[in-house]
Amino acid sequence: MTAALMNTYQPLALSFTKGLGTRLWDQAGREYLDAVAGVAVTNVGHSHPRIVSAISEQAGLLLHTSNLYSIDWQQQLAKRLTVLSGMERAFFNNSGAEANETALKLARLYGWRKGIEQPLVVVMANAFHGRTLGTLSASDGPAVRLGFNELPGDFVKVPFGDLAALEQIQRKHGARIVAILVEPIQGEGGVQVAPPGYLKALRDLCNRHSWLLMLDEIQTGIGRTGQWFAFQHEGIVPDVMTLAKGLGNGVPIGACLARGRAADLFTPGSHGSTFGGNPLACRVGCTVLDIIEEQGLLENARVQGARLLERLRAELADNPNVLAIRGQGLMIGIELKQPVRDLTLIAARDHGLLINVTRGKTIRLLPPLTIDEREVGMIVRGVGRALAAH
Ligand SMILES: *Cc1c(COP(=O)(O)O)cnc(C)c1O
């Protein structure tokens, strides 16, 4: 069936035809609880009626004019996001990798304005920022990089959460460094949570050396961790932030936001996008923000997230294969000592539960922000049983 597709994924023999809220239905009509939300995308649930009507109404009005004309929904979404985040300006893309490319171009321009000829961006071990050549260079992990050399080498890598290593890099490369690019919680890297105060310390370090603090909130943003953006847990504001995934709830959109010395680096001609910022995607983005506000989903992510973490810890306390359970809000990882073969298939087939496994042995749970207490119970039982059987 996939013979005409390039060999990039190994999809399960499961295909869905319909979704509503936290549930999906397969071709045989069987119901599943979606505890990954398309990898942190469908944050307000599948086929939300407000999103369905926003898409249908906008499709009947206007899909595309290009950025050669001003686009009202784009300006509205930029305004909403800057108010929520404390940033000043936005540029819209179609994906996360593109939003990060926008951020990396800002870092280059920032260095160029300062007269730094070979600018370096500090990135983290175990990071994931996307699949374009630029974002791949900023990412870690042999599997995603294998065969793609020579990758642009203008990055230096330090261990995530390690401040001493950063001071060392500063002493070695200080004059060339222009920015730090970091995920507040590493998602693809196995839901790695930095020690408390880490982002605050990065903020201080960037202030001291006039570096840009660039946060990749593509997975952590739009309510996932119980705040609009994960940096808000630490009371700081970055210079650059990227978004995608949950912003469009399944409609492709990415955004790069900037403030202060990073806000005005682009000038007409220095960046652009054919589809980026189109009326459909931006209207859906505005609708997602409305839904999160009106349904109190930040609060729900905090409450249900804390409940899910606590109940998983209780349920799995005696499981000898569980090494650690960690996370924030509704972004939770269960790290196993030994990988379990076909775990996602077992959870789906035997327990009607969709989960994800990242870096081989960390179960990643990213349910819609709308889940209720009963569904928390279903996730805990499903994960517990899928693991107990092996
Ligand atoms: C998913 C993800 C990306 C890449 O987004 P795409 O839309 O797949 O290009 C980048 N950074 C993080 C943290 C992500 O989770």
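Residues numbered from 1 in each chain as written. Predicted model: local features only at pLDDT ≥ 70, side-chain atom pairs only at ≥ 80, totals over all residues. Heavy atoms only, no water.

Colleague: Honestly, the sheet that holds strand β16 (residues 356-358) in this entry has me stumped. Any pointers?
Modeller: Sheet strands associate in pairs through backbone hydrogen bonding, adopting either a parallel or an antiparallel arrangement. Pairing is antiparallel in the open sheet, where four strands are placed in the order β13-β14-β17-β16. Because the sheet does not close on itself, it has two edges, and the strands there are β13 (322-328) and β16. Shown here is a sheet whose adjacent strand axes are inclined to one another by a mean of 25°, direction ignored. Inspection of the sheet shows β13 paired to strand β14 (residues 331-336) by six bridges, in the antiparallel sense. Its bridge partner being in β14, Gln328 is matched across the sheet by Met331. Relative to β13, helix α10 (residues 297-315) is tilted by about 170°, and along the sheet it contacts β13, β14 and β17 (362-365). (Pairing = 2+ DSSP bridges. Helix = DSSP H or I, 4+ residues; strand = E, 2+ residues; numbered from the N terminus. Axes fitted to C-alpha atoms, helices over the stretch in contact; angles between N-to-C directions. Contact = heavy atoms within 4.5 Å.)

Colleague: Help me out: how do you make sense of the environment of Arg259 in this one?
Modeller: Along the polypeptide, Arg259 turns up in the loop between β12 (254-258) and α9 (279-294). Considered as a pair, Arg259 and Glu88 are 171 residues apart in the sequence and their alpha carbons are 4.7 Å apart. If we ignore the near neighbours within four places in the chain, the residues touching Arg259 are Gly86, Met87, Glu88, Arg203, Val237, Pro238 and Asp239. Looking at Arg259, its side chain comes within polar contact range of the main-chain oxygen of Pro238, at 2.8 Å. (Polar contact = N/O pair within 3.5 Å; in protein donor to acceptor, adjacent residues only side chain to side chain.)

Colleague: Just to check I follow, could you spell out the pattern of salt bridges for this structure?
Modeller: In a structure, side chains of opposite charge can pair up when their charged atoms sit close to one another. Going through the model one piece at a time under the given rule, you end up with 20 salt bridges. Arg108 is the partner of Asp154 in a salt bridge, and the nearest nitrogen-oxygen pair spans 1.9 Å. Residue Asp154 is located in the loop between α6 (142-145) and β6 (155-158), and its partner Arg108 is located in helix α4 (residues 96-113); the two are separated by 46 residues in the primary sequence. The exposure class of Asp154 is buried, given its relative accessible area of 14%. In the salt-bridge network here, residues are joined through shared partners; they are Arg50, Arg80, Asp290, Glu293 and Glu294. (Salt bridge = Lys/Arg side-chain N within 4 Å of Asp/Glu carboxyl O. Buried < 20%, exposed > 50% of the residue type's maximum accessible area, 1.4 Å probe, protein only.)

Colleague: I would appreciate a short explanation of the packing of helix α11 (residues 343-351) against helix α12 (residues 373-388) in the present structure.
Modeller: Packed helices, taken two at a time, are described by the angle their axes make and the gap between the axes. Relative orientation of the contacting elements α11 and α12 amounts to 120°, with a least axis distance of 9 Å. Between α11 and α12 the crossing geometry is right-handed. On the side of α11, the interface is formed by Leu343, Ile346, Ala347 and His351, while α12 contributes Gly382, Arg385, Ala386 and Leu387. Grouping the amino acids of the contact of α11 with α12 by side-chain chemistry returns five nonpolar, two polar and one charged. (Left-handed = near helix turned anticlockwise from the far one by under 90°. Nonpolar A, V, L, I, M, F, W, Y, C, P; charged D, E, K, R; others polar.)

Colleague: When you look at the pairing of strand β7 (residues 177-182) in this model, what are you seeing that I'm missing?
Modeller: Look at any regular strand and the pattern is simple: side chains alternate between the two faces of the sheet. Among the six residues that make up β7, six are buried, leaving the element largely enclosed by the rest of the structure. Bridge count between strand β5 (residues 120-124) and β7: three bridges; the pairing is parallel. The residue bridging Leu120 from the neighbouring strand is Ile177, located in β7. As judged from the four bridges shared by β7 and strand β10 (residues 212-216), these two strands associate in the parallel manner. What sits directly across from Leu181, in β10, is Met214.

Colleague: Just checking my understanding: could you explain the packing of α10 against α12 for this structure?
Modeller: It is at 10 Å that the axes of α10 and α12 come closest, and there the two elements cross at 30°. Taken together, the axes of α10 and α12 lie roughly parallel to each other. Crossing geometry of α10 relative to α12 is assigned as right-handed. Across from Gln304, Arg307, Leu308, Arg311, Leu312 and Glu315 in α10, the residues of α12 making contact are Glu373, Val376, Ile379, Val380, Val383 and Gly384. Per-class residue counts for the contact of α10 with α12 are six nonpolar, two polar and four charged. (Parallel < 35°, antiparallel > 145°, perpendicular 65-115°, else oblique.)

Colleague: Please clarify how the pairing of strand β3 (residues 31-34) should be interpreted in this entry.
Modeller: Sheet analysis places strand β2 (residues 23-26) next to β3, joined by three bridges and oriented antiparallel. Along β3, the bridge assignment pairs Arg23 with Leu33. The antiparallel hairpin formed by β2 and β3 contains four residues in its connecting segment, where Gly29 sits at a positive phi of about 85°. The pairing of β3 with strand β15 (residues 353-354) spans two bridges and is classified as parallel.

Colleague: Hey, could you run me through the domain arrangement of the chain in this one?
Modeller: Accessible area lost upon the coming together of the parts is a frequently used measure of interface size. Segmenting the chain into domains produces domain 1 (16-34 + 296-388) and domain 2 (51-294). On a C-alpha basis, the centres of domain 1 and domain 2 stand 27 Å from each other. Listed by partner, the interface residues are 21 residues for domain 1 and 26 residues for domain 2. Counting each side, the surface lost to burial between domain 1 and domain 2 is near 1,900 Å², with a carbon and sulfur contribution of 55%. When residues of domain 1 are sorted by the area they lose upon contact with domain 2, Leu298, Met331 and Arg359 head the list and together hold 36% of the total. Here Glu188 makes a salt bridge to Arg364, at a shortest N to O gap of 3.0 Å. Scanning the region where domain 1 abuts domain 2 turns up 13 residue pairs in polar contact (both at pLDDT 80 or more). For the side of domain 1 that touches domain 2, the elements supplying multiple residues, two or more each, are α10, β13, β14 and β17. Of the residues forming the side of domain 1 that touches domain 2, the biggest block, four residues, is contributed by α10. Its residues assigned to classes, the side of domain 1 that touches domain 2 comprises ten nonpolar, seven polar and four charged. (Domains from an automatic or database assignment. Buried area = accessible area lost by both parts, 1.4 Å probe.)

Colleague: How should I be thinking about the packing of aromatic side chains in this particular structure?
Modeller: Aromatic ring pairs are defined here through the distance separating the ring centres and the angle between the ring planes. Counted according to the given criterion, the structure contains four aromatic pairs. Centroid distance Phe16 to Tyr32: 5.3 Å. Interplanar angle 85°. Geometry classified as edge-to-face. Of this pair, Phe16 sits in strand β1 (residues 16-20) while Tyr32 sits in strand β3, and the two are 16 residues apart along the sequence. Using a relative accessible area of 31% as the deciding quantity, one classes Phe16 as partly exposed. Lying over the aromatic face of Trp25, Lys18 brings its terminal NZ or CZ to 4.9 Å of the ring centre. (Phe/Tyr/Trp six-rings, centres within 6.5 Å; stacked < 30°, edge-to-face > 60°. Lys NZ or Arg CZ within 6 Å of the ring centre and 35° of its normal.)

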